[in-house]
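Examining the three-dimensional arrangement
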Amino acid sequence: MNVLNFINDFFSDSAHWHGYDGIPHRLLEHVQYSLIALAIAAAIGLPVGLITGHTGRGGTALALIATAARALPSFGLLVLMFVLLGLGLLPVMIPLVVLAVPPILVTTYEAVRTVEPAPVDAARGMGMTEPRILFQVELPVALPLILSGLRSAAIQIVSTATIAAYVSLGGLGRYIVDGLYQRNYEKVVGGATLVAVLALVTLGLFWAAARAAVSPGVRRS
């Protein structure tokens, strides 16, 4: 039986569309985990990236932190957090946030640092305060690159949130983990397909957000 047959059998089975283990419920769980992790990562990465990018200080330290965080294996960190903290959402959030902070942090820093100095100098010459320069001059120009960092982090989170199933939580990873344990490859392929589709939907949402939030002049440039 090929992969397409597995996919067809999984999605055509009405049992997969109802109840606690149904696709809508598991999809909602997966989206919730992903949104929480992305919100926490953004709350950490965006302010630090904006401030360091505006001041031009700390770039080397950010690069070292990002490199170290990217080197950490998410599953290994999950196991360690599970041993230290036990069951719950926190052991899952920590590796997901560690995974998502580096692309947000580094991309935000680089986005602000690459803004042309001429408008920034002109704003300072007009007497604008540093916070106003950051949010009214630099941020609008840097927004496309900042959104690309958030998009990259979101897709990584969506793809990796399947690890929640390894510590008895839900989400789409439940299909993959349970399917492997039961040797039910229809369920494994179905769960992997759902994760891939959700990642593509996430990509589309960020594309739409960029079209709506970024100035046409900045997009053309």
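Residues numbered from 1 in each chain as written. Predicted model: local features only at pLDDT ≥ 70, side-chain atom pairs only at ≥ 80, totals over all residues. Heavy atoms only, no water.

1. Describing the overall build of the protein
Summing up its helical and strand segments, the protein has 10 helices and 0 strands in all. Referenced to the eigenvectors of the C-alpha coordinate spread, the extents of the protein come out at roughly 65 × 40 × 25 Å. Of all 221 residues assigned to the protein, the portion counted as buried reaches 43%. Within the protein, counting contacts between residues at least 6 apart in sequence, those at least 24 apart form 74% of the total. A total of about 11,600 Å² of accessible surface is found on the protein, and carbon and sulfur atoms cover 68% of it. Of the side chains in the protein, 13 bear a positive and 11 a negative charge, and the two mean positions are spaced by 7 Å. (Helix = DSSP H or I, 4+ residues; strand = E, 2+ residues; numbered from the N terminus. Buried < 20%, exposed > 50% of the residue type's maximum accessible area, 1.4 Å probe, protein only. Contact = heavy atoms within 4.5 Å. Areas by Shrake-Rupley, 256 points an atom, 1.4 Å probe, with all protein chains shown as cover. Lys, Arg positive; Asp, Glu negative; His and termini not counted. Charge placed at Lys NZ, Arg CZ, Asp CG, Glu CD.)

2. A closer look at the side chain of R26
Mapped onto the elements of the fold, R26 is located in helix α2 (residues 23–55). Owing to a relative accessible area of 5%, R26 belongs among the buried residues under this scheme. With residues up to four places along the chain from it excluded, the contact list for R26 reads Y20, D21, G170, G171, L172, R174 and Y175.

3. Considering the side chain of R174
By the element assignment, R174 lies in helix α8 (residues 173–182). Those residues in contact with R174 that lie beyond four places of it in its chain are D21, R26, A165, S168, L169 and G179.

4. Here we look at the packing of aromatic side chains
The final tally for this structure, using the stated rule, is 3 aromatic pairs. Between F10 and F11 the ring centres are 5.1 Å apart and the planes differ by 90°, which places this aromatic pair in the edge-to-face class. For the ring pair F10 and Y175, a centre distance of 5.3 Å and an interplane angle of 80° mean the geometry is edge-to-face. Residue F10 is found in helix α1 (residues 3–12), and its partner Y175 is found in helix α8; the two are separated by 165 residues along the sequence. According to the relative accessible area criterion, Y175 is buried, its value standing at 0%. (Phe/Tyr/Trp six-rings, centres within 6.5 Å; stacked < 30°, edge-to-face > 60°.)

5. Let's talk about the nonpolar core
Core analysis: the largest hydrophobic core is formed by 40 residues, its most contacted members being L38, V92, L96, I104 and L150. Taken together, the elements giving at least two residues each to this core come down to α2, α5 (90–113), α6 (117–125) and α7 (130–160). Top element by residues in this core is α5. It accounts for 11 residues. Not counting the four nearest positions on each side in its chain, L96 is found in contact with A37, I157, T160, A161 and I163. (Core = buried A, V, L, I, M, F, W, Y, C linked by side-chain atoms within 4.5 Å.)

That is the geometry; function is a separate question.
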